[in-house]
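These are the residues of each chain, in order.
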Amino acid sequence: MIGKTVQVKPGTRNHKGFFVDEAPYTLVNINPAGWAVICIDDAICHFVDPDDLEITDS
């Protein structure tokens, strides 16, 4: 599953409580604290609850 393209569910918030844009992200990993690390590019990444992710076919 790591390296897959994922979408966030509507209303998803990051670990700081801010809403995450609904866009295609790459799942980088799931860290030891249980957060999924997703990135849209090399500069924009978020920590989110893995239950808020959906795998896409792209």
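See the structure shown above.
This text gives an overview of the structure that appears in the document. Predicted, not measured: the structure shown is a model, and the values here were computed from it.

## Side note on the overall build of the protein
Helix and strand content of the protein: zero helices and five strands. Along the chain direction, N to C, the helices and strands of the protein fall in the order β-β-β-β-β. Over its C-alpha atoms the protein spans a radius of gyration of 10 Å, differing by no more than 12% from the 10 Å that the globule rule assigns to 58 residues. The dimensions of the protein, computed from C-alpha atoms along their principal axes, are 30 × 25 × 25 Å. Across the 58 residues that make up the protein, the buried fraction comes to 28%. Considering only contacts within the protein whose residues lie at least 6 apart along the sequence, 36% involve residues at least 24 apart. Carbon together with sulfur atoms contributes 53% to the accessible area of the protein, which is approximately 3900 Å² in total.

## Re the packing of aromatic side chains
In the structure shown here, the tally under the stated rule is zero aromatic pairs. Across the ring face of Phe19, the terminal group of Arg13 is positioned such that the distance to the ring centre comes to 3.9 Å.

## A few points about the state of the cysteines
Using the criterion set out here, one finds one disulfide in the structure. Paired through a disulfide, Cys39 and Cys45 show a sulfur-sulfur distance of 2.0 Å. Residues Cys39 and Cys45 are joined by a disulfide whose S-S torsion is about 105°; by sign, that bridge is right-handed. You can call Cys39 buried: its relative accessible area is 12%.

## Details of the pairing of strand β3 (residues 36-39)
Burial of the side chains of β3 extends over both faces: Ala36 and Ile38 are buried on one face and Val37 and Cys39 on the other. In this sheet, β3 lies alongside strand β2 (residues 25-30) in antiparallel orientation, the contact comprising four bridges. What sits directly across from Thr26, in β3, is Cys39. If you look at the hairpin formed by β2 and β3, you'll find five residues sitting between the two strands, and Gly34 has a positive phi there, around 100°.

Thresholds applied
Residues numbered from 1 in each chain as written. Predicted model: local features only at pLDDT ≥ 70, side-chain atom pairs only at ≥ 80, totals over all residues. Heavy atoms only, no water. Helix = DSSP H or I, 4+ residues; strand = E, 2+ residues; numbered from the N terminus. Rg over C-alpha atoms; globule rule 2.2 N^0.38 Å. Buried < 20%, exposed > 50% of the residue type's maximum accessible area, 1.4 Å probe, protein only. Contact = heavy atoms within 4.5 Å. Areas by Shrake-Rupley, 256 points an atom, 1.4 Å probe, with all protein chains shown as cover. Phe/Tyr/Trp six-rings, centres within 6.5 Å; stacked < 30°, edge-to-face > 60°. Lys NZ or Arg CZ within 6 Å of the ring centre and 35° of its normal. Disulfide = S-S within 2.5 Å. Pairing = 2+ DSSP bridges.

So far we have only geometry, and geometry alone does not tell us how the molecule works.
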